[in-house]
Amino acid sequence: WGEHMADARRELIEQGLERAAEALGDITAPVMAAFYARFPDARASFAHHASHNPERLEAEMVDNALYCAMTWFERRSEIEIIFDQSVPHHQHTLKIRPEWYGGLIAAMLDVLEPTVPMDAVDERAAWAALREGLVGRVMSNADV
């Protein structure tokens, strides 16, 4: 039953991502706007780590977040390993706070979720489970 549920959720997320892509196009700008609204001091970090082209780094980070969303229900252990390695690296080596890492994923979901029809109960539940899984896993790696 658990695998069937994961497959159903994966299909719902894929449908939602396709619908969002048609409705929104490139989500980098709205995701980064939502992220910087919550974490304004993160803008300087993007500029510091990619002084030659912070927009390219922003697009790369949004793409990475999308990849995690697309594969969470299909290859959860892969995404968990990525987070288990990447969150501490970002925190200790790059001085990127885990709240920023989780906040970028949350900002992406905040941009995508409003494209889900209000009456799509199962899809809304899949997005809620995705948010809980992704953001929860990121924050479980935080050294606080």
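Residues numbered from 1 in each chain as written. Predicted model: local features only at pLDDT ≥ 70, side-chain atom pairs only at ≥ 80, totals over all residues. Heavy atoms only, no water.

### Notes on the layout of surface pockets
Quick note on the threshold: Think of a 1 Å grid over the protein atoms and nothing else: a 1.4 Å probe that fits but is trapped marks a cavity, an open set flanked by protein within 12 Å on at least five of seven lines marks a pocket, and residues with an atom within 4 Å of a point count as lining. Grid points are joined across faces, edges and corners, and a volume is the space filled by probe spheres set on the points. Only DSSP runs of H or I covering at least 4 residues are called helices, and only runs of E covering at least 2 are called strands; the numbering of each starts at the N terminus. Gly is placed with the polar residues, together with every amino acid not listed as nonpolar (Ala, Val, Leu, Ile, Met, Phe, Trp, Tyr, Cys and Pro) or charged (Asp, Glu, Lys and Arg).
As a volume, the largest pocket reaches approximately 410 Å³. Forming the walls of the largest pocket are 20 residues, and the residues nearest its centre are Met 61, Asn 64, His 90, Tyr 101 and Leu 104. Counting only elements with at least two residues in the lining of the largest pocket, the list comes to helix H3 (42–49), helix H4 (54–71), helix H5 (76–92) and helix H6 (98–112). At six residues, the largest contribution of residues to the lining of the largest pocket is made by H4. Along the lines of polarity and charge, the residues of the lining of the largest pocket split into 15 nonpolar, five polar and no charged.

### Comments concerning helix H7 (residues 121–140)
Filter applied, for reference: By definition here, a helix of n residues has an expected span of 1.5 Å times n minus one. Relative accessibility decides the category of a residue: with a 1.4 Å probe and only protein chains considered, values under 20% of the type maximum give buried, values over 50% give exposed, and everything between is partly exposed. Here the arc refers to the set of directions running from the helix axis out to each C-beta atom.
With 20 residues, H7 should cover 28 Å at 1.5 Å per step; its first-to-last C-alpha distance of 28 Å lies within 8% of that length. Of all the residues in H7, the buried ones are Glu 123, Ala 126, Trp 127, Ala 129, Leu 130, Gly 133, Leu 134 and Val 138. Buried residues of H7 fall within an arc of 160° about the axis and therefore sit on the same side. In this structure, H7 carries Val 121, Glu 132 and Ser 140 as exposed residues pointing more than 90 degrees from its buried face.

### Quick notes on the pattern of salt bridges
As a reminder, the rule being used: For salt bridges, the criterion is a side-chain nitrogen of Lys or Arg within 4 Å of an Asp or Glu carboxyl oxygen.
What the rule picks out here adds up to 13 salt bridges. A salt bridge links Arg 38 to Asp 110; the shortest N-O distance between them is 2.3 Å. Of this pair, Arg 38 sits in helix H2 (residues 28–38) while Asp 110 sits in helix H6; the two residues are 72 residues apart in sequence, bridging distant segments of the chain. When its relative accessible area of 41% is taken as the criterion, Arg 38 is described as partly exposed.

### Quick look at H6
Between its first and last C-alpha atoms H6 spans 21 Å; for 15 residues at 1.5 Å apiece the expected length is 21 Å, and the two agree. Along H6, 13 of the 15 residues are buried, which leaves the element largely enclosed by surrounding structure.

### Here we look at the nonpolar core
The following threshold applies: As used in this record, nonpolar core signifies buried Ala, Val, Leu, Ile, Met, Phe, Trp, Tyr and Cys residues forming a set joined through side-chain atoms within 4.5 Å. Here, residues are in contact when the closest pair of their heavy atoms is within 4.5 Å.
Counting 43 residues, the largest nonpolar core has Phe 35, Phe 83, Ile 105, Met 108, Leu 130 and Leu 134 as the members making the most contacts within it. Only helix H1 (2–24), H2, H3, H4, H5, H6 and H7 provide two or more residues apiece to this core. The contact partners of Leu 134, leaving out residues within four places of it in the chain, are Cys 68, Ala 69, Trp 72, Ile 79, Phe 83 and Ile 105.

### Notes on the environment of Val 87
Positionally, Val 87 belongs in helix H5. For Val 87, a relative accessible area of 1% puts it in the buried group. Distance from Val 87 to Arg 137, taken between C-alpha atoms, is 9.7 Å for residues 50 residues apart in sequence. Among all residues touching Val 87, those that are not within four sequence positions of it are Ile 82, Pro 98, Tyr 101, Val 138 and Asn 141.

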